[in-house]
Amino acid sequence: MSSRSIKSKLFLLLALMGAIPFIVAIIFIGWRSVDHMEKHVKTDAWAKNLTINDHLNQITEKNLFVLRTLAGAPIVKQYLENPTPQNEAIVRPLLGNTNEIFQDNNAIILTDSTGMQLIRTDNLPKVNISHRKHFQEAMVGHDYVSDMMVSIANGEMVLVAVSPVFNDQHQVIGLVQRNFFLNKLQKFVKTQGNEALSVIIVDRQNKIVAQTNDEGSYSTGRDLSEECRLISEALDWGEGVIRMNLNGEDCVITLSRDRLTEWGIITVTPYHFIWNSVHDAVSGGALLGLFIMLFVNLIAYLLANRITRPLREISQVADDLASGKADIEKLNHYSDDELGRISKAINEAYSISEGLRKDSQMDKLTGLYNHYSVEEICRHKLREYEEAAAPGLLAIYLVDLDHFQKANRDEGRQHGDKILKEFAAGLRKAFPNGECIGRLEADEFVVVLDNQQDADTIRKKAQLIKETAHSVTLNGQQVGLTVSIGVAIAPHNGKTYNHLFHAADLALYDAKEKGRDRYSLADDLEG
């Protein structure tokens, strides 16, 4: 390890010691900010929900209170029982004066028990409403506020509040109806929303009655049955506040139901607004922290430089000593420091270890991998093969030199060793791309090839090994060397080293039985 790397790592350690507390603090502050903002958003959204719910209650209660008062007026009962022009002349101004209470021009309508409208303060055509839900509710004696509907008289979207009129025998003889448009409710709802929070009011059929942004995803009249179902399920069919995914967006959502109308009041706050708020809050602190970190890094650099100065001087003395330029006085100055001696000992031990490692991996005669190295490399290639998406084929070639023992006896061991070396050199030349080539023992060699396309490619490589043997020469003359080859293929013949080696060994035996100077594939034996 160089003094420069030690200095760099010490600098990094000191910088991290200063930076980690700051980073942890920023993360903690960010997490607390998210938690605080989420709680704030939930509290604010629920408060908005309750405010709108209260406002909606006031509207409906005010309308129903006025309608009950009109329904209880004796002249109204008298007119429904005896609809004469004289009675109408008294009732019409009474109905019209209610607009002063609401400060609007919405229609007040008096309807008899057959559903026929008798008086309309807006002077629009009178229609029969016997098929309307609000008429049917009034006829059974209920005050009622309708869902959003289209007015038969003028075709506009309206809400209707009704109160039944009873005679002295407490029988329903008609109803008083007030139509009111959505503009006031819509105007109020818009004041409650903001860029981050959307407010939606839906009727009993889950159609939007009012919302904060008619140009967005939740326009008036749109059916929100599916969204309301998901929200209700998430709230266990109750009311409250929840964080959930709505239409593909992470949101904080509130839901409550108006007591009189049973309408739903929903607020939606996309969660990215919370993250944006936290990001803005944390960014300011992070900017200041960045300057602090730069200052900490400067201090860390100065400290690392000062602490490693003796090590760099000792390293320079060791380099000078190795090159014969050492300053003996300077060396004597550090002669009682163990660091230099330890470094030297480690280097010597590494050199010895590296030499032993190479000796243990290689065959001394041919320079190829030995049996143990071949097995280790092959097992490693098989592990890679299992993990690869499209690994191709892996082939093991067991190669045996034909009649080598006889030639060794006849010509002498030195002659045989030369043949082994030449054949090993030929294999290295035939497979120059880092394939695993090894000598197992005596005259037995092995070649491991991975990423092979198909069996034809593997056969061509076996033929190449045969031709390599044929081309072996000594003293410029071919020695007539032939080989027998057994080939096993993964995954056809196995997925482990032992299975593949055994399959290749059987194929090698088959090649020898068929006259040598040939190759056999384990696939052919199985076929």
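Note that the structure is predicted; figures quoted are calculated from it, not measured.

**Student:** Looking at this structure, how should I read the overall build of the protein chain?
**Tutor:** Scanning the protein chain from terminus to terminus reveals 17 helices and 18 strands. Relative to its 527 residues, the protein chain shows a buried fraction of 40%. In the protein chain, once contacts between residues fewer than 6 apart in sequence are set aside, the share between residues at least 24 apart is 58%. Accessible area for the protein chain stands at about 29100 Å²; split by element, carbon and sulfur atoms hold 53% of it.

**Student:** Just checking my understanding: could you explain the environment of A407 for this structure?
**Tutor:** Following the sequence through the fold, A407 ends up in helix α13 (residues 404-411). On a C-alpha basis, the gap between A407 and I419 in space is 10.0 Å, while along the polypeptide they are 12 residues apart.

**Student:** Sorry if this is basic, but what is going on with the sheet that holds strand β7 (residues 198-202) here?
**Tutor:** Sheet strands pair via backbone hydrogen bonds, and the direction of the pair is either parallel or antiparallel. Pairing is antiparallel in the open sheet, where 5 strands are placed in the order β8-β7-β11-β10-β9. Edge positions in the sheet fall to β8 (208-211) and β9 (240-246), since each has one partner strand and no second. Pairs of neighbouring strands in the sheet enclose a mean axial angle of 25°, with direction left out of account. Looking at chain direction, β7 and strand β11 (residues 264-270) are connected through 5 bridges and run antiparallel.

**Student:** Explain unusual backbone geometry to me, please; I cannot follow it from the model alone.
**Tutor:** Peptide bonds are, in most cases, trans, and in most cases residues other than glycine have a negative phi. The omega torsion across A490 and P491 is 10°, close enough to zero to call that bond cis. Relative to the elements of secondary structure, P491 occurs in the loop between β17 (483-490) and α16 (497-513). Look at H170: it is not a glycine, yet its phi comes out positive at around 60°. For H170, the location among the structural elements is in the loop between β5 (157-166) and β6 (172-180). Here N206, not a glycine, exhibits a phi torsion of approximately 65°, which is positive. As for its position among the elements, N206 is in the loop between β7 and β8.

**Student:** Just to check I follow, could you spell out helix α14 (residues 413-430) for this structure?
**Tutor:** Side chains of residues three or four places apart in an α-helix project in the same direction, reflecting 3.6 residues per turn. The terminal C-alpha atoms of α14, which comprises 18 residues, lie 26 Å apart, in line with the 26 Å expected from a rise of 1.5 Å per residue. Within α14 the residues assigned to the buried category are G416, I419, L420, F423, A424, G426 and L427. One side of α14 carries all its buried residues, which in axial view fall inside an arc of 160°. For α14, the exposed residues lying more than 90 degrees away from the buried face are Q414 and K429.

**Student:** It is not clear to me how the pattern of salt bridges should be interpreted in this structure. Could you clarify?
**Tutor:** Two side chains carrying opposite charge are able to pair once their charged atoms lie near each other. Using the criterion set out here, one finds 18 salt bridges in the structure. Here R439 ties to D363 by a salt bridge, and the two come within 3.3 Å at their closest N and O atoms. Of this pair, R439 sits in strand β13 (residues 436-441) while D363 is found in the loop between α11 (338-361) and α12 (371-387), placing the two residues 76 residues apart along the sequence. In this structure, the salt-bridge partner of R516 is D402, at a minimum N-O distance of 3.8 Å. Here R516, found in the loop between α16 and β18 (518-521), pairs with D402, found in the loop between β12 (393-401) and α13; they are 114 residues apart in sequence, far enough to count as distant.

**Student:** Explanation requested: the sheet that holds β18 in the structure shown.
**Tutor:** Pairing is mixed across the open sheet formed by 5 strands, whose spatial order is β13-β14-β12-β17-β18. Looking at the sheet topology across the chains shown, the edges are occupied by β13 and β18. Across this sheet, the average inter-strand angle for adjacent strands is 20°, counted without regard to direction. Relative to strand β14 (residues 444-452), β13 runs antiparallel, the two being bridged by 5 bridges. Within β14, the residue paired with C436 across the bridge is V448. Contacting β12, β14, β17 and β18, helix α15 (residues 455-470) runs over the sheet at an angle of about 155° to β17.

**Student:** I would appreciate a short explanation of the pairing of β8 in the present structure.
**Tutor:** The side chains of a regular strand alternate between the sheet's two faces. Bridging between β7 and β8 involves 3 bridges; their strand directions are antiparallel. Note that in β8 the partner of V202 across the bridge is I208. Between β7 and β8, which pair antiparallel in sequence order, lie 5 residues; one of them, N206, sits at a positive phi of approximately 65°.

**Student:** Sorry, what's going on with the environment of D104 here?
**Tutor:** Checked against the element boundaries, D104 lands in the loop between α4 (98-102) and β1 (108-112). Taking the C-alpha atoms as reference, D104 lies 9.9 Å from F181; in sequence the two are 77 residues apart. Among all residues touching D104, those that are not within four sequence positions of it are N99, R178 and K184.

Conventions adopted
- Every chain is numbered independently, its residues counted from 1 as its sequence is written.
- Where totals are concerned, whole chains, interfaces and linings use all residues; where local detail is concerned, this predicted model gives features only for residues with pLDDT of at least 70, and gives and counts side-chain atom pairs only at 80 or more.
- The side-chain values count all of the structure's non-hydrogen atoms but skip hydrogen atoms and water molecules.
- Secondary structure counts use DSSP, requiring at least four H or I residues in a row for a helix and at least two E residues in a row for a strand, with both numbered from the N terminus.
- Burial classification: accessible surface area is computed with a 1.4 Å probe over protein chains only, and a residue below 20% of its type maximum counts as buried, one above 50% as exposed, and the rest as partly exposed.
- Contacts are assigned to residue pairs with any non-hydrogen atoms lying within 4.5 Å of each other.
- Only the protein chains shown count as cover for residues, with accessible areas throughout obtained via the Shrake-Rupley method and a probe of 1.4 Å.
- Note on pairing: DSSP must find at least two bridges between two strands before they are called paired.
- Convention adopted: a line fitted to C-alpha atoms gives each axis, helices being fitted over their contacting stretch, and angles between N-to-C directions are expressed from 0 to 180 degrees.
- The span you would expect from a helix comes to 1.5 Å times its residue count less one.
- What the arc covers is the set of directions going from the helix axis to the C-beta atoms.
- Each salt bridge in this description consists of a side-chain nitrogen of Lys or Arg and a carboxyl oxygen of Asp or Glu lying within 4 Å of one another.

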